[in-house]
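Structure at a glance
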Amino acid sequence: MAIHWLRERFNAEVITVTVDVGQDDDFEEIERRAYAAGASKHVYVDAKREFAYGPVAMAIMANALYEDKYPLGTALARPLIAEKVVEVARREGCDAVAHGSTSKGNDQVRFNETLMALAPDLVIIEPAKIWGMDRASEIEYARRHGIPIPNIHSRFSIDDNLLSRSIEGREIDDPMAEVPEDAFKWTVPPEKVREPLILEIEFKEGLPVAINGERMDLVTLITTLNKVVGMHGFGRVDHVENRVVGFKSREVYEAPAALTLIEAHRDLEKIVYTPLEYRFKKIVDQTWTDLVYQGLWHEPLREELELLIRSMNKWVTGSVRVKVFGGLTVLGRVSPYASYSRELVDYVGGWYPSEEEARGFIKIHTMHSLTAFRVRRGVSK
Ligand code: ARG
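A brief look at the structure comes next. Throughout this document, residue positions are counted from 1 along each chain, in the order its sequence is written. In keeping with the predicted nature of the model, local features appear solely for residues at pLDDT of at least 70, side-chain atom pairs appear and are counted solely at 80 or more, and the whole-chain, interface and lining totals rest on all residues. The side-chain figures draw on all heavy atoms in the structure; neither hydrogens nor water molecules are used.

So, on to the pattern of salt bridges. Whenever Lys or Arg places a side-chain nitrogen within 4 Å of a carboxyl oxygen from Asp or Glu, that contact is recorded as a salt bridge. Applying the stated criterion to the full structure yields 29 salt bridges. Residue aspartate 107 pairs with arginine 110 through a salt bridge whose shortest N-O separation is 2.8 Å. Residue aspartate 107 and its partner arginine 110 are located together in helix 5 (residues 107–118), separated by three residues, close to a single helical turn. Between arginine 243 and glutamate 168 there is a salt bridge, with the nearest N and O atoms lying 3.6 Å from each other. Highlighted residues: arginine 243 in the loop between strand 10 (236–242) and strand 11 (248–254) and glutamate 168 in strand 6 (residues 165–168), separated in sequence by 75 residues. Its relative accessible area of 25% is what places glutamate 168 among the partly exposed residues. In the salt-bridge network here, residues are joined through shared partners; they are Arg78, Asp107, Arg110 and Asp159. Helix numbering and strand numbering both begin at the N terminus, where a helix is a DSSP run of H or I of at least 4 residues and a strand a DSSP run of E of at least 2. Remark: exposure states derive from per-residue accessible area (1.4 Å probe, protein chains only) relative to the maximum for the residue type, with buried under 20%, exposed over 50%, and partly exposed in between.

And the structure:
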């Protein structure tokens, strides 16, 4: 519909682009609709591998959960989609680009940031911000101009890709209302699950490479995990999120693979890293995650953080065994780089500090705190 509107309003020739980041769409149908609405050319870009090995891989290595909950699916895909649109615009010699974001969401920020970074000369047109139509008048507009109306399968606002499915709007906007079951598509409710699922996930340098011994590329691995884990009742997120634009919204997601991989990855990191590394990386991870969520993909700090995240992940090799049964439980973990020693931890016959060593350690370790404690009690210096 935007196609028709753009042609009328700007007397423009319109080239449409669909960037495939793993969303569950009928791409032929989209192309048919584009031409029916008056596009002079339609371009399909398969960016699934680039999405998986680029932003998604980094999100796994960074344990990216916005506000401890949302694995960033939508946010990760937007800069890449915009980048692909710029490539097409350049090839086709366009002087403007258009996208369908409204003025209330985060995605307008993410799209425009990338467009402004990569193609400051291109005019950005955002029809949904200009045309002032609500849903009913949009349908009326489409009817009037003989534009085929897409089958909308859901009454909610959905955005999906390889990593996650975002669900917004309608009755979900009431943060106290339970999310209706028909909002979900990738996951079954935990109470429907009979058998636990046990998976062994193998990681190499921070990225998952095999499940139960079977090696897979990242696109296949994530797709597979989304199916099997979702079928076992795990992968839903429901929280109230602080948007970039100044208000909170209730957000629901399905992301079985992302939640499983992040949980397993974080567990493996913990057996490998020193306490200082573990604690410091959390801050780095969270900063990276916030920056991506906020649509600041081209903020130079992102790449600087990624150098560290990547470098620290070179030790994150090993396997994690998890059980999915409603929730997710880690059953075990192993890594050739584990800084874990059974000899040190063993209560029976393992290493023990001598009494003198232990007392000396405790005395000096507690000295700062106990000195201050005594001073404030007025006891002594
Ligand atoms: N709140 C999420 C984000 O900002 C998801 C937005 C998804 N968009 C949608 N139309 N459902 O990344």
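So that's the structure; there's more coming.
Before going further, it helps to examine the environment of alanine 255. Along the chain, alanine 255 falls in the loop between strand 11 and helix 9 (256–272). Those residues in contact with alanine 255, other than ones at most four positions away along the chain, are Pro71, Leu163, Ser164, Asn226 and Gly235. Contact definition: two residues touch when any of their heavy atoms are within 4.5 Å.

Moving on, we get to the sheet that holds strand 7 (residues 197–204). Pairing between two strands requires that DSSP report at least two bridges joining them. The five strands are arranged 9-8-7-12-13 in an open sheet whose pairing can be described as antiparallel. Across the chains shown, the open sheet's two edge strands, defined by having one partner strand only, are strand 9 (214–215) and strand 13 (327–334). Pairing of strand 12 (residues 318–325) with strand 13, which is carried by seven bridges, proceeds in the antiparallel orientation. Paired with lysine 323 across the two strands is threonine 329, which belongs to strand 13.

The grouping of Phe280, Ile283 and Leu308 at the surface amounts to a nonpolar patch, some 280 Å² of accessible area in total. In this structure leucine 308 comes out as partly exposed when scored by relative accessible area, which is 31%. Distance thresholds for patches are 9 Å for like charges and 5 Å for nonpolar side chains (Val, Leu, Ile, Met, Phe, Trp, Tyr), applied to residues having over 30% relative accessible area and no salt bridge. Computed by Shrake-Rupley with a 1.4 Å probe, the accessible areas treat only the displayed protein chains as cover when residues are assessed.

The next thing to look at is a negative patch on the surface. The grouping of Asp25, Asp26, Glu28 and Glu31 at the surface amounts to a negative patch. With respect to the secondary-structure elements, glutamate 28 resides in helix 2 (residues 27–36). Look at glutamate 28 and you get exposed, because its relative accessible area is 58%. Under this rule, positive means Lys or Arg and negative means Asp or Glu; His and the chain ends count for nothing. Taken as the charge centre is NZ of Lys, CZ of Arg, CG of Asp or CD of Glu, depending on the residue.

If you look at the biggest cluster of nonpolar residues, it comprises 76 residues, and the most contacted ones within it are Leu72 and Trp288. Ignoring anything within four residues of it in the chain, the contact list for tryptophan 288 reads Pro55, Met58, Ala59, Ala62, Ala64, Leu72, Leu76, Trp297, Arg302, Leu305, Glu306 and Ile309. As used here, the term nonpolar core means buried Ala, Val, Leu, Ile, Met, Phe, Trp, Tyr and Cys residues forming a set that is joined through side-chain atoms within 4.5 Å. Counting 13 residues, the second-largest nonpolar core is a separate cluster that includes Leu6, Ala37, Tyr141 and Ile147.

Under the convention used throughout, the expected extent of a helix is 1.5 Å for every residue step, that is, one less than its residue count. With 17 residues, helix 9 ought to run about 24 Å at 1.5 Å a step, and its terminal C-alpha atoms sit 25 Å apart, in line with that. Counting buried positions along helix 9 gives 14 out of 17 residues, so the element sits mostly inside the fold.

With that settled, the discussion passes to the site of the ligand. Near the ligand there are 15 residues, and of these Tyr70, Asn106, Arg110, Ser157 and Glu241 occur at the shortest range. N or O atoms closer than or at 3.5 Å make up a polar contact, with two conditions inside protein: a donor-capable atom paired with an acceptor-capable one, and, for residues adjacent in sequence, both atoms drawn from side chains. Side-chain polar atom of glutamate 168 to a nitrogen atom of the ligand: 3.4 Å apart, as the coordinates give it. At 3.1 Å, a side-chain N or O of tyrosine 253 approaches a nitrogen atom of the ligand. Surface burial for the ligand is 90%, taken as the share of its 350 Å² of free accessible area covered by protein chains. Listing elements by their share of the shell around the ligand, those giving two or more residues are helix 4 (73–92), helix 5, strand 5 (157–160), strand 6 and strand 11. We call a residue near a molecule or strand whenever a single non-hydrogen atom of that residue lies within 4 Å of it.

Sheet architecture is open: four strands sit in the order 5-6-11-10, paired in antiparallel fashion. Each edge of the open sheet carries a strand with a single partner, namely strand 5 and strand 10. Mean inter-strand twist for the sheet, computed between neighbouring axes without regard to direction, equals 25°. Axis angles are defined between N-to-C directions and span 0 to 180 degrees, where every axis is a line fitted to C-alpha atoms and, for a helix, only to the segment in contact.

What follows deals with the packing of helix 4 against helix 5. At their nearest, the axes of helix 4 and helix 5 sit 9 Å apart, and the two run at 40° to each other. It follows that helix 4 is oblique to helix 5 by the angle criterion. You can see that helix 4 and helix 5 cross each other, and the crossing is right-handed. The residues of helix 5 that touch helix 4, namely those facing Thr74, Ala75, Arg78, Pro79, Ile81, Ala82, Glu83, Val86 and Arg90, are Asp107, Arg110, Phe111, Thr114, Leu115 and Leu118. Along the lines of polarity and charge, the residues of the contact of helix 4 with helix 5 split into eight nonpolar, two polar and five charged. Orientation is classified from the angle alone, with under 35 degrees giving roughly parallel, over 145 giving roughly antiparallel, 65 to 115 giving roughly perpendicular, and any other angle giving oblique. Crossings are sorted by hand: turned counterclockwise from the far helix by less than a right angle, the near helix makes the crossing left-handed, and turned clockwise it makes it right-handed. Residue polarity is assigned by list, with Asp, Glu, Lys and Arg as charged and Ala, Val, Leu, Ile, Met, Phe, Trp, Tyr, Cys and Pro as nonpolar; anything else, Gly included, falls into the polar class.

Our next topic: the side chain of asparagine 112. Within the secondary structure, asparagine 112 sits in helix 5. Asparagine 112 sits in the buried class, given a relative accessible area of 14%. Among the polar contacts listed, one links the side chain of asparagine 112 to the side chain of glutamate 126, at a separation of 3.3 Å. Here asparagine 112 is in contact with His99, Ile124, Glu126 and Lys129, once residues within four sequence places are set aside.

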